[in-house]
Structures are given as C-alpha cells and as structure tokens.
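Here's the letter readout for the chains.
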Amino acid sequence: MAEDSDLEKTEEPSGRRIEQAREQGQVPHSRELGTFLVLIVAGSAFWMMGSWFSQRVMAIARKGLSIEPKFMHEPAQMLPRLADISGDALLVFSPLLALLLLAAVLPPFFLNAWVFAPKALVPDINRMNPLTGFGRMFSWNSLMELGKAVLKAGLVGGVAVMLIWKERDEIFGLLAQPLEAALAHAGHLVSFSFLMLVAALVLVVAADVPFQLWQHFDKLKMTKEEVKQEMKEMMGDPHVKGRIRSLQMQAARKRMMASVPQANVIVTNPTHYAVALSYQAGMAAPKVVAKGVGAIALKIREVGAEHAVPVLEAPPLARALYKHAELDAEIPSALYNAVAEVLAYIYQLANWRQEGGVYPVPPRDLSVPPELVPEAA
C-alpha cells in the first residue's frame, strides 16, 4: 500500500517542475480567452470606427467600379490600377489588422504563459499515431471541449434569438429607410448585436480559464518518489556528496603531502599530532604547509623522514598549531615566540650538520599560551 501511495500524483508541482514544463512548451492556454479577445477587439473597432470604415470602403468601391475611358483602351493599366486599389484597402484595414494581431498575442500574458520553447517545435511522431489520436477523441479533455462547444452554441444562440426578438421592429423598419440611412442603421445594429454576442462569451471564458489552469497544474503534479528524487538532484545525493567530499579530501591530502618536503620542521605531539612549518626569507611569518592527526600525522612524519625534514617533539605547540593555525596560512601571532625558538633550533641544527661542533640543545618549555593548548587526545 505504501508503494502504491508513493506512485500516486498527490504532491503539488515544484517550481523546478513548472520551469522544466515551460522549457518543453507546456504552459496553460485557453482557446476561449483568445477567441474572446479577438472578437471583442474586432467588434469594438467596428463599433468605434464603423462610420470611418464604411466611408473609406465606399470610396474604394466607387473608385474600383468607375472605369475611366483611358483604361478601356489601355488594358495594361488595369493591373497597376488594381494594385493601387488594393493598397488603399490594405491601408484602410491596417489599424484593424494591427489590433487583431495584438489581441491574438495577448492571451499568454494573462495566463503567464508567454514563453519561447524551441523544444516544442521538434516534431513529435507520437502525435501521428492513430491509436493515440483515437484515445484523445474519447479522453476527459475531449469531453470537456464538447461540453464547452455545446455551452457556447446554446449561449450564443440564445443571446442571438433574444437580440433579434428585441430589435425586430428596427430590423423591419430598415425596409422603409433610404439606402444610405438603412446601411448606416444596419451597420449599427450589426455592431451592437455582435458585441452583445461576444460579451455573452465572458461566461465561457470565466469557466474555461480557471479550468485550464487547474488542468495544467494537475498534469504537473508529482508523486512522493518524484519529489524525493528532485530533492536529491537539487540538494545532492548524500552518497554522491560523500563520495565527492572524500575525493576532494584525498586530493587536498595529496597536495598537502607534496608540500611536506619543502617544510623546515615538523612539530609533533609526538604520535597523535604533526604540523609541518615552512619559513623563507621575505615571508611575514612562518606558515603551516601540512597538519594532521592519527594516520595523517604518521604519514606526514614518514614523508618528512624520506626527505630529511627535522622533527621536533613539542606536544603543547603541536596541539596549539593544529587547533589554531589554518593550512597554507600564517601561524597565529600568539605563537610567534614559540615557533621562533623552534626555527632557531632548526638553523643551529643545520649549521651543526654542515660544520660540526656542539650539538644544539632542543628547546624545552616553549612559551605557548595555555589558553591555546587544547586537551591532549
């Protein structure tokens, strides 16, 4: 039962899931909203600019129907004349075309679905599968589209019948009016009726937009297993992260061990801690080139022995350096005096190896502040 519940899509889609869907071109869209905006813009344009359109169209019609005698004797001039009339018509209807184009582009903005997804342009062979298409015909989405179509037909048809019945006297009155007045009045009636029919679609849009949003996010719902997998991908799989951290530590350890041969001295606990120090002329203070405890401390001493790096047993100083000095960083100022004594001894030891004489005495009771010395392991 638990496995079945993990496979049910009960979890809300995450932001990453929604963004991935947008990249695939999967965004909410409402055909009803697009249709409504195009129709309402067209109806409003005719309502506000109807007289201007009618005047310009009539002027173009007169120009097209009046044929001058010179064109009758020169047929070659007919084509340029047709192009001239077509240009006038395009110029007249260009504002309407621009408004319709804007109305067609606006719906995605209202649904926050404006996205450029090249992946959506890739042909999908599955859409050409007859079995898949047959299944879509009897899907829940198809039933909803059928319901919306019936609702629109009934709603628009009912509003049309009401408008015709209400305006029946004015419609029959057009027969008694002069032609130009009748045309203007008819245009007004048609525009008003068209706007009322489109306004009736507001009910369809009000029902369709929330449904499309719900359906879109419902399709993107995730199973509990998918949520866990996404969290692993975002936060990183603990096993993978542990492996990466282990490899990083190994690489850092190799770089650290490669620096041990350049150290001037290795300060030890003597067995638990080991800290390799380096100091060259021009440096502001000695720095730690390697440090470790346990097996790493043993490895530092082994590498130091292979390259003849001096080793000094100074437990308090070794513990203080390990605790308070960062790798590849200068030692704390509070340990300057103690480390200076150690380096002085190392220089004396180097001179003794070259010139002989009295063997230098290793420093004892180094001046290490007690508060910097952690408890011995």
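These figures come from a predicted structure and were not determined experimentally.

Q: Where do I start with the confidence of the model for the protein chain in this structure?
A: The predicted coordinates should not be examined in detail at positions where pLDDT is low. For the protein chain, the average pLDDT comes to 79, and 86% of its residues sit at 70 or higher. Across the protein chain, the secondary-structure element scoring lowest on mean pLDDT is helix α1 (residues 2–7), at 52, and the one scoring highest is strand β4 (residues 273–278), at 91.

Q: What is the right way to read the packing of aromatic side chains from this model?
A: One pair of aromatic rings is described through two measures. These are the centre distance and the angle between the planes. Overall, the coordinates contain three aromatic pairs when judged by the stated rule. With centroids separated by 6.1 Å and ring planes inclined at 35°, the aromatic side chains of Phe211 and Trp214 adopt a geometry described as tilted. Highlighted residues: Phe211 and Trp214, both in helix α11 (residues 202–219), separated by three residues, approximately one helical turn. The ring of Tyr322 carries Lys291 above its face, with NZ or CZ at 5.2 Å from the centroid.

Q: Honestly, helix α5 (residues 78–105) in this entry has me stumped. Any pointers?
A: Spacing of three or four residues puts side chains on the same side of an α-helix, whose turn is 3.6 residues. With 28 residues, α5 extends 38 Å from end C-alpha to end C-alpha; this agrees with the ideal 40 Å at 1.5 Å per step. At Phe93, α5 shows its largest bend, some 45°, and a proline, Pro95, comes one to four positions later.

Q: Please explain the environment of Ile266 as it appears in this structure.
A: Tracing the backbone through its elements, the reader meets Ile266 in strand β3 (residues 265–268). Judged by relative accessible area, Ile266 falls into the buried class, the value being 0%. Distance from Ile266 to Ile300, taken between C-alpha atoms, is 8.2 Å for residues 34 residues apart in sequence. Aside from chain neighbours lying at most four places away, what touches Ile266 is Val260, Ala274, Val275, Ala276, Ile300, Gly304, Val309, Pro310, Val311 and Leu312.

Basis of the calculations
Residues numbered from 1 in each chain as written. Predicted model: local features only at pLDDT ≥ 70, side-chain atom pairs only at ≥ 80, totals over all residues. Heavy atoms only, no water. pLDDT = per-residue confidence, 0-100. Helix = DSSP H or I, 4+ residues; strand = E, 2+ residues; numbered from the N terminus. Phe/Tyr/Trp six-rings, centres within 6.5 Å; stacked < 30°, edge-to-face > 60°. Lys NZ or Arg CZ within 6 Å of the ring centre and 35° of its normal. Expected span 1.5 Å × (residues − 1). Bend = angle between axes of the 7 residues up to and from the residue. Buried < 20%, exposed > 50% of the residue type's maximum accessible area, 1.4 Å probe, protein only. Contact = heavy atoms within 4.5 Å.

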